[in-house]
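Here are the chains, one letter per residue:
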Amino acid sequence: MSAVIRLLGAGLVVFAGWAAGRWLTERKHRRLAALEQLERLIALVQDEILYRAAPLGEILSTLQQRRDLPELFLADCAQLQDLACPPALDRPAWDQLQGFFARLGSAAGQEEARHCAYYLKRCAGLRGQAQKEYEQAKQLYTKAGLCCGALVALLLV
């Protein structure tokens, strides 16, 4: 009976290691998704400013009706300038993009479009970096978690 409990405990430790690796990989994936959605949001704002010359309030209501930006929590936003950091995004990345929202609406149409283009390139760079990190995490984290869990299980048994 004692051996069965030990083996069951060892199996749970191995599973916990694998699950921790999976969780870390999923965090990287959510960060990537948030950056992709921010990039899409900036492109949509740029299009609305360039082609429709829409006011920011109208742009926000249009964006709030979309269902393809769930990581950004636009429903909680009263103004685009007040958009908060998405929970899945790390603070250094948000600090690089926050200026877009703070400065939004302070210039004329063409200047605003250049402002959008600048932050669109910046967001694309962050997304590319996040994509690399996610690909590395997919290859490493679950396997490393499984191996660490197995090592701890061997030490416990």
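Up top you'll find the structure we're talking about.
Residues numbered from 1 in each chain as written. Predicted model: local features only at pLDDT ≥ 70, side-chain atom pairs only at ≥ 80, totals over all residues. Heavy atoms only, no water.

Caption draft 1: Structural context of the overall build of the chain. The helix and strand inventory of the chain stands at four helices and zero strands. Taking 15 Å as the expected radius of gyration for a compact globule of 157 residues, we find that the chain reaches 22 Å, considerably beyond that expectation. Residues classed as buried in the chain amount to 34% of the 157 residues present. Across the chain, the fraction of contacts at a sequence separation of at least 24, relative to all contacts at a separation of at least 6, is 68%. Total accessible area on the chain stands at roughly 9,300 Å², and carbon and sulfur atoms take up 60% of it. When the 19 basic and 16 acidic side-chain charges of the chain are each reduced to a single mean position, those positions are 8 Å apart. (Helix = DSSP H or I, 4+ residues; strand = E, 2+ residues; numbered from the N terminus. Rg over C-alpha atoms; globule rule 2.2 N^0.38 Å. Buried < 20%, exposed > 50% of the residue type's maximum accessible area, 1.4 Å probe, protein only. Contact = heavy atoms within 4.5 Å. Areas by Shrake-Rupley, 256 points an atom, 1.4 Å probe, with all protein chains shown as cover. Lys, Arg positive; Asp, Glu negative; His and termini not counted. Charge placed at Lys NZ, Arg CZ, Asp CG, Glu CD.)

Caption draft 2: Looking closely at the packing of aromatic side chains. A complete count under the given rule lists five aromatic pairs for this structure. Seen from their ring centres, Phe100 and Phe101 are 4.9 Å apart, and the 85 degrees between their planes marks the pair as edge-to-face. Accessibility classification places Phe100 together with Phe101 in one group, the buried group. Joined through ring pairs, the aromatic side chains of Trp94, Phe100, Phe101, Tyr118 and Tyr119 make up one cluster. (Phe/Tyr/Trp six-rings, centres within 6.5 Å; stacked < 30°, edge-to-face > 60°.)

Caption draft 3: Looking closely at the side chain of Glu48. For Glu48, the position within the fold is in helix 1 (residues 2-52). Take Glu48: its relative accessible area is 17%, and that puts it in the buried class. Setting aside residues no more than four positions away along its own chain, Glu48 makes contact with Ala53, Ala54 and Ile59.

Caption draft 4: Inspection of the packing of helix 1 against helix 2 (residues 56-65) at higher detail. The geometry of helix 1 relative to helix 2 is characterised by a closest axis approach of 11 Å and an angle of 135 degrees between their N-to-C directions. With respect to each other, helix 1 and helix 2 are oriented oblique. Crossing angle aside, the handedness with which helix 1 passes helix 2 is right-handed. Packed against helix 1, whose contacting residues are Leu41, Leu44, Val45, Glu48, Ile49 and Arg52, the element helix 2 presents Glu58, Ile59 and Leu63 at the interface. In the contact of helix 1 with helix 2, the residues fall into six nonpolar, no polar and three charged. (Axes fitted to C-alpha atoms, helices over the stretch in contact; angles between N-to-C directions. Parallel < 35°, antiparallel > 145°, perpendicular 65-115°, else oblique. Left-handed = near helix turned anticlockwise from the far one by under 90°. Nonpolar A, V, L, I, M, F, W, Y, C, P; charged D, E, K, R; others polar.)

Caption draft 5: Quick peek at the environment of Val14. Among the secondary structure elements, Val14 is positioned in helix 1. Taking the C-alpha atoms as reference, Val14 lies 24 Å from Glu133; in sequence the two are 119 residues apart. In this view, Val14 contacts Leu146, Gly149, Ala150 and Ala153; residues no more than four positions away in its chain are not counted.

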